[in-house]
Number of protein chains: 2
Amino acid sequence: MAKDFPTRAENYSQWYNDLVIKAELAENSAVRGCMVIKPYGYAIWEKIQAVLDKMFKDTGHSNAYFPLFIPKSFFSREAAHVEGFAKECAVVTHYRLKNSPDGKGLIVDEDAKLEEELIIRPTSETIIWDTYKNWIKSYRDLPLLINQWANVVRWEMRTRLFLRTAEFLWQEGHTAHATREEAVKEAETMLNVYADFAENWMAVPVLKGTKSPAERFAGALETYAIESLMQDGKSLQTGTSHFLGQNFAKAFDVKFLNKENQLDYVWATSWGVSTRLMGALIMAHSDDNGLIIPPRLAPIQVVFVPVFKSEEQKGQITEKVIPLVNAIRKSGITVKYDDRDTHKPGWKFAEYEFKGIPVRITVGPRDIEQGTVEVARRDTLEKETYLMTDLDTKISHLLDKIQKNLFDKAVSFRENSTYRVDSYDEFKKILDDKGGFLYAHWDGTAETEAMIKEETKATIRVIPLDNPKESGICIYSGKPSVQRVVFARSY
Amino acid sequence: MAKDFPTRAENYSQWYNDLVIKAELAENSAVRGCMVIKPYGYAIWEKIQAVLDKMFKDTGHSNAYFPLFIPKSFFSREAAHVEGFAKECAVVTHYRLKNSPDGKGLIVDEDAKLEEELIIRPTSETIIWDTYKNWIKSYRDLPLLINQWANVVRWEMRTRLFLRTAEFLWQEGHTAHATREEAVKEAETMLNVYADFAENWMAVPVLKGTKSPAERFAGALETYAIESLMQDGKSLQTGTSHFLGQNFAKAFDVKFLNKENQLDYVWATSWGVSTRLMGALIMAHSDDNGLIIPPRLAPIQVVFVPVFKSEEQKGQITEKVIPLVNAIRKSGITVKYDDRDTHKPGWKFAEYEFKGIPVRITVGPRDIEQGTVEVARRDTLEKETYLMTDLDTKISHLLDKIQKNLFDKAVSFRENSTYRVDSYDEFKKILDDKGGFLYAHWDGTAETEAMIKEETKATIRVIPLDNPKESGICIYSGKPSVQRVVFARSY
């Protein structure tokens, strides 16, 4: 596991890409913009899925599955939605190939042209609301709280592993409600679920807020988002939750009989997180030595490496170590015991460090004599000698400590990269020098927002929830402003 | 939950379709041939996934994810494979829509035509073997044991919910090995995993065997399959496992350095089960009263229905029932306590019977006085009074008993529908009168197999594993035969 890749300081973007590939998380496929998620990367994604899925179910949602294909005409129904997605979608036009008359391979069979083209879902509001039309008749059918785990396709021109790929995996919640208030509450609840997950599982602190109208989801009345600061000072949108009003109900004619026996359009939300979370997880914590995976999402949390010179020594160590491994496993911790003869301990140390296993435990002949083990933390690279007694409890505490340390470190980093900025010059200077979250006054207009984006590549990431009102002057236009909003460059 | 659907005897096919829709398992979507899997159906699928996923991991496999799209040219590489799939595939030709010049909706943007068309995966051998080329260099990289949970698309002209849909969900295992023997063993191991799952979880007995050359997977040297008999006497292929030889390794040039330091092509297997299992599960056990879900795969295993006439009675019942519910949950059983006031007990009884909940427990005021509950089994529709004492243990045993009863019933049904047939007339008569598994002599030629299929719609479902050799005369051609094979009409 040679460290033949740049440091973050040398080339952050290359560091990220190399890390993803060399740590065997994912790689580019033969299909432009589509990635292969390799077993180690997928194992982390499975942990993410399992935790989120439980959170969704605990908040009353059920899973279901809707078609991959969306009839083209569905897109035209919601005006904003089509603007947002039609320009980057994969279109199925035919349903058969045939042998080329010249005998050179396969060609599309023109006799098998679809009457109406099908779009690979870039998101499923349209097909789902077309379905909900038949499911919802009365207030008794509401709320309808459904989630789907699926693949989606957005034909992005510039792609990066996990962060922006043509195909990606995600979950999309789609809920239907009898009242505006209930739908808004649902959108906020799911934002909080995402924030809870990001902070307590990924150890990634988030800013919670709403998007400016220009940055809203295509078809939403309000988009809530969580934003996280990466080590290069750029922000990553880690999750969004949308209050869709009655837009999709109107587009797909979904009405219900309310308690007053009157027909009304249904209120909607949608919310999603994707394999992009993998990008956030990797970028938020990892260092120039390789990956750092927070314990609560690590597929392997603890690895034991025996150090021996003979089969006899190996036997003695194994005899002592197996009960320790079993005890630790009993506390619900995932442990690997790597006693392979084919690789030297040094190779293993480097490998597990690079792969970001939170805790490595080394056991040699002297440890056996003394009843000790050597415990190495991946986050701080510190090593310490532990007595074997109660090792399970100690390791359990250590994993909690590492989880907390990663979160605290990320919080300090964000605090040190957060600025209150009062002039446009200062704004541009900080962006160029350090990046980070810039709290600045904005006059509330789309024009100003667009000009700032054009000139600096910074966008309004969020208007924080419960943002304090504060009179001020827009850094760009000099016009009056009622609050500071959070600007940053972003992924 | 009106039983306004035909009995199995009246119209088996309609009975199945109505059951799937009325029990809210799935429905047809707005997209031809694609289904929506509704929350109750998806909950069963999630249980299937969880059990199988653990079985795959216990046998050493890891999950990964490969692209939805396959470049058209990949299909031409393996000759048999292209024949099998090119005629029923969804083809992506463009990556953008634009507004129609006449202002009437959206049209495909001809400027956004792909250089090479992309096929939505009907199965992933090609894209995966193209990827494996870079992963496999030496025998040290083998075996490579990977599984993927994914959606696939096969443009079937006639579709039926769960049994045959244009898009379906499945898992596909793709493994690479250093030797032929190891690959064959892997294909057999996975067949046994499927059989274990079908019999011990789905309570569906299976015949294990190999397919005739004509029925093999496109690109396989040997296809192993499990086949199950449905209540209408037709066979359903519930899982397949393929020994692919070196076909895909040769098509995608995947060579490895073996222990003797020589380059050799890699040996391959692939194996899969799909949402079709849902069809088998429904058809194997359900009756004219509705679904019957085997306890081990039921999303809700036990439902409590309190019967009360006043809030006071409800309170008394709830006070007694909650500890029972909690005790049963503690033994790992999924319990629902349905104390809704909005529905009458009679409605609830009908609903849970129709939905196939294995055990219903009714508790009324007299039960509270006597310390009893009324326990109704869905499989036999029998009711019995139980003392509340040790109810958790009793219910746990009852669920096991129901699971076993369903399996035993299915085994008897299969035994009673299995025939040794020695003449073509008898063969045709039994097929028309009763269906079932017909063990008959076959001369081993594709011609005979094709003629029998054409004349009777029956195909060779499997040549059973460890089939006894038995000299005989082919029922069709009168030529010599060395063994009986299993014929049936099928889904």
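Residues numbered from 1 in each chain as written. Chains lettered and ligands numbered in written order. Predicted model: local features only at pLDDT ≥ 70, side-chain atom pairs only at ≥ 80, totals over all residues.

Pulling in residues and values, what's your account of the nonpolar core?
If you look at the biggest cluster of nonpolar residues, it comprises 297 residues, and the most contacted ones within it are C89 and M202 of chain A together with M202 of chain B. Setting aside residues no more than four positions away along its own chain, M202 of chain B makes contact with F197, L277, A280, L281, P294 and L297 of chain B. (Core = buried A, V, L, I, M, F, W, Y, C linked by C-beta atoms within 7 Å. Buried ≥ 20, exposed ≤ 12 C-beta atoms within 10 Å, placed from the backbone. Contact = placed C-beta atoms within 7 Å.)

Could you give me a rundown of the packing of helix α9 (residues 311–330) of chain A against helix α12 (residues 391–416) of chain A, with the residues and numbers involved?
Residues and elements named next belong to chain A. In contact at an axis separation of 8 Å, α9 and α12 are set at 50° when each is read in the N-to-C sense. In terms of axis orientation, α9 runs oblique to α12. Handedness of the α9/α12 crossing: right-handed. Together, L324, A327, I328 and K330 of α9 and L391, D392 and I395 of α12 make up the contact between the two elements. (Axes fitted to C-alpha atoms, helices over the stretch in contact; angles between N-to-C directions. Helix = DSSP H or I, 4+ residues; strand = E, 2+ residues; numbered from the N terminus. Parallel < 35°, antiparallel > 145°, perpendicular 65-115°, else oblique. Left-handed = near helix turned anticlockwise from the far one by under 90°.)

Can you lay out the interface of chain A and chain B for me, pointing to particular residues and giving the numbers?
With 51 residues of chain A at the interface, the matching set in chain B holds 51 residues. Across the side of chain A that touches chain B, the residue classes break down as 32 nonpolar, ten polar and nine charged. By the bridge criterion, three bridges tie strand β5 (residues 91–94) of chain A to strand β5 (residues 91–94) of chain B in an arrangement that is antiparallel. Bridge pairing links V92 of chain A to V92 of chain B in β5 of chain B. (Nonpolar A, V, L, I, M, F, W, Y, C, P; charged D, E, K, R; others polar. Pairing = 2+ DSSP bridges.)

So, the pairing of strand β8 (residues 113–120) of chain B: which residues are in play, and what are the values?
All names here are of chain B. Across three bridges, strand β4 (residues 69–71) lies against β8 in antiparallel orientation. What sits directly across from P71, in β8, is L118. Bridge count for β5 against β8 is three bridges, and the pairing is antiparallel. Bridge pairing in β8 places V92 opposite L118.

Could you give an account of the relation of the copies chain A and chain B, with specific residues and numbers?
Overlay of chain A on chain B (RMSD 0.0 Å): rotation 180°, translation along the axis 0.0 Å. Taken together, the turn and the small shift mark the pair as related by a two-fold rotation axis. Among all residues of chain A, the one whose C-alpha sits closest to the rotation axis is V92 of chain A, at a distance of 2.1 Å. A share of 100% of interface residues in chain A that are also interface residues in chain B marks the association as one of identical surfaces. (Least-squares fit on C-alpha atoms with pLDDT ≥ 70 in both.)

Hey, could you go over helix α2 (residues 39–58) of chain B for me, with residue numbers and the actual values?
Residue and element names in this part refer to chain B. Taking 1.5 Å of rise per residue, 20 residues should cover 28 Å, and α2 covers 28 Å from first to last C-alpha, within 8% of that figure. What α2 keeps buried is the set G41, Y42, A43, I44, W45, I48, L52 and F56. Of the residues flanking the end of α2, it is G60, one or two places downstream, whose phi is positive at about 90°. (Expected span 1.5 Å × (residues − 1).)

Hey, could you go over the sheet that holds strand β21 (residues 383–387) of chain B for me, with residue numbers and the actual values?
All names here are of chain B. Taken in spatial order, the five strands line up as β18-β17-β19-β20-β21 in an open sheet, and their pairing is mixed. A strand with exactly one partner marks an edge of an open sheet, and here the two such strands are β18 (335–337) and β21. Each adjacent strand pair in this sheet contributes to an overall mean axis angle of 25°, direction not counted. Two elements, strand β17 (residues 302–306) and β18, share three bridges in a ladder whose sense is parallel.

Tell me about unusual backbone geometry, and please be specific about residues and values.
Residue and element names in this part refer to chain A. A cis geometry characterises the amide bond from L142 onward to P143, with omega recorded as -5°. Here P143 is to be found in the loop between α5 (125–135) and β9 (144–153). Positive phi, close to 60°, is recorded for A203, a residue that is not glycine.

Account for the domain arrangement of chain A, naming residues and giving values.
When the domains of chain A are assigned, the result is domain 1 (12–285), domain 2 (299–402) and domain 3 (418–488). Distance between the C-alpha centres of domain 1 of chain A and domain 2 of chain A: 40 Å. (Domains from an automatic or database assignment.)

Give a detailed account of the sheet that holds strand β11 (residues 207–210) of chain B, specifying residues and quantitative values.
Taken in spatial order, the eleven strands of this open sheet run β3-β9-β10-β16-β13-β12-β11-β24-β27-β23-β22 (chain B), and their pairing is mixed. Either end of the sheet is taken by a strand with one partner, and the two such strands are β3 (62–63) and β22 (418–421) of chain B.

Please set out the environment of L229 of chain B residue by residue, giving values where relevant.
All names here are of chain B. Mapped onto the elements, L229 comes out in strand β12 (residues 222–229). With 259 residues separating them in the primary sequence, L229 and A488 have C-alpha atoms 9.0 Å apart. Beyond its immediate stretch of four places on either side in the chain, L229 contacts S235, F413, R414, S417, G436 and F437.

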